[in-house]
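# Examination of the molecular architecture
Single-letter residue listing:
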Amino acid sequence: MGITIRGTGKFVPEKILTNADLEKMVETSDEWITTRTGIHQRHLAAADVATSDLAYEAAKQALDMAGIKPEELDLITVATVTPDMGFPNTAALVQKKLKAQKCVCFDLEAACSGLLYSIEVAHSLLLANKKYRKALVIGAEKLSSIVDWTDRGTCVLFGDGAAALVLESSDEIEGDFYIAGKLAADGNYDNILRLPAGGSAMPASHETVDQHLHCIKMAGQETFKLAVNAMVSACKEVLEISGVEPENVAWIIPHQANHRIISAVAQRLTISDDRVYSNIERYGNTSSASIGICLDELNRAGKLKKGDVVLLTAFGGGLTWGAELIRW
Ligand code: COA
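Everything numeric here is computed off the predicted structure, so don't read it as measured data.

### Observations concerning the nonpolar core
- If you look at the biggest cluster of nonpolar residues, it comprises 46 residues, and the most contacted ones within it are Ile252, Val265, Leu269, Ile271, Leu311, Phe315 and Trp321.
- Residue assignment for this core shows that the elements contributing at least two residues are β8 (178-185), α8 (220-242), α9 (259-268), β12 (309-316) and β13 (320-327).
- A total of nine residues in this core trace back to one element, the largest contributor, which is α8.
- Looking at which domains feed residues into this core, each of domain 1 (2-170) and domain 2 (178-327) supplies at least three.
- Core analysis: the second largest hydrophobic core is formed by 28 residues, Leu116, Phe177, Ala314 and Trp328 among them.

Here is the structure:
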């Protein structure tokens with residue numbers, strides 16, 4: 001039995017917020033945002049669009065490419081920190097939109113590492129149990145709904161978007177796309193990147209709304225340093241486990257949080273710039289969607305050849321981080 005990535009998809013909302021637009025909202029400048037982050041613009045969903053709507057659009061594209069009907073799916077997962085609501089889970093809301101009747105649905109929250117965590121979970125289910133043959137793995141975020149638009153330290157960074165992968169296991173498929181993975185977490189750093197209110201620890205109240213506690217809070221510099229070290233060490237570990245040399249990696253797709261983080265990670269792994277995929281200038285940080293959006297862009301541009309080894313790496317709140325080596 002083999003397991004493969006049958007299809008990929010992505011969706012970003014039409015509306016664009018440029019750095020020039022942000023200059024009118026907070027005390028910032030295009031020059032500061034561009035040089036410190038690499039971001040030029042981000043896409044924002046309309047008020048009446050929820051994360052499941054973004055996920056649904058990406059899912060349709062991935063299913064279409066895979067040639068798989070929604071009713072054939074055994075599993076839908078949505079990695080997100082911006083679910084439509086407390087419950088039902090976002091995957092179930094996507095299931096409803098797709099009319100995918102017979103599948104198991106759950107969300108996975110591992111912040112910006114969500115898609116890597118989901119790939120590992122879905123791959124493990126497909127590997128372990130023949131009940132699961134066709135899985136839709138989604139990373140989707142409406143981060144604009146949890147951004148504090150008065151905080152210049154965070155509001156310039158994030159955007160909305162979704163990405164989807166269709167995984168399939170079958171006796172007819174040769175080999176396994178998943179070469180090796182290293183996932184990790186350290187809850188001791190829970191304070192440096194969080195959305196404090198709205199859960200059981202701090203339920204919503206007038207005070208939490210007044211104090212913008214339903215928004216992303218981040219210690220930027222500390223996060224930056226930890227992100228580089230964590231991603232580099234996870235990448236080194238998967239390369240070592242799998243016996244793959246950095247020069248044999250066709251592409252590295254790091255989570256799109258900051259172009260300086262992306263460059264530092266690639267440099268320390270000795271992966272040349274021409275093999276680093278980045279689109280942060282167009283989308284900003286879309287959290288659990290970012291790696292999937294990159295993968296879909298590479299795939300649809302015909303830049304992934306059969307057999308290519310691709311290194312994915314992510315870092316996010318939790319803290320969570322990891323790396324996965326996949327074969328196209
Ligand atoms: N425009 C203008 N100035 C800004 C600004 C903005 N949007 N945001 C912050 N500043 C100011 C700060 O107030 C500070 O001013 P001060 O020196 O007068 O106090 C100065 O710029 C430097 O701030 P600092 O936070 O040290 O900047 P930085 O170089 O670390 O860049 C981030 C800030 C957020 C871009 C960077 O730390 C980062 O990308 N961190 C990691 C983000 C990340 O990975 N997050 C998610 C993980 S999934």
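### Overview of the site of the ligand
- The environment of the ligand is formed by 24 residues, the closest being Thr28, Arg36, Arg152, Gln221 and Asn258.
- Here threonine 28 contributes a side-chain N or O atom positioned 2.7 Å from a nitrogen atom of the ligand.
- The backbone of glycine 220 places a nitrogen or oxygen atom 3.0 Å from a nitrogen atom of the ligand.
- Out of a free accessible area of 960 Å², the ligand has 74% covered by protein chains.
- When contributions to the shell around the ligand are tallied by element, the ones reaching two or more residues are α2 (30-37), α6 (152-155), α8, α9 and β12.
- Top element by residues in the shell around the ligand is α8. It accounts for four residues.

### Here we look at the pairing of strand β6 (residues 134-141)
- Counting buried residues along β6, eight of its eight residues qualify, which places the element largely inside the surrounding structure.
- Pairing of strand β4 (residues 75-79) with β6 involves five bridges; the strand directions are parallel. Paired with threonine 77 across the bridge in β6 is valine 137.
- Relative to strand β7 (residues 161-170), β6 is paired through eight bridges, and the arrangement is antiparallel. When the sheet's bridge partners are listed, glutamate 141 is paired in β7 with glycine 161.

Basis of the calculations
Residues numbered from 1 in each chain as written. Predicted model: local features only at pLDDT ≥ 70, side-chain atom pairs only at ≥ 80, totals over all residues. Heavy atoms only, no water. Core = buried A, V, L, I, M, F, W, Y, C linked by side-chain atoms within 4.5 Å. Buried < 20%, exposed > 50% of the residue type's maximum accessible area, 1.4 Å probe, protein only. Helix = DSSP H or I, 4+ residues; strand = E, 2+ residues; numbered from the N terminus. Domains from an automatic or database assignment. Near = heavy atom within 4 Å. Polar contact = N/O pair within 3.5 Å; in protein donor to acceptor, adjacent residues only side chain to side chain. Areas by Shrake-Rupley, 256 points an atom, 1.4 Å probe, with all protein chains shown as cover. Pairing = 2+ DSSP bridges.

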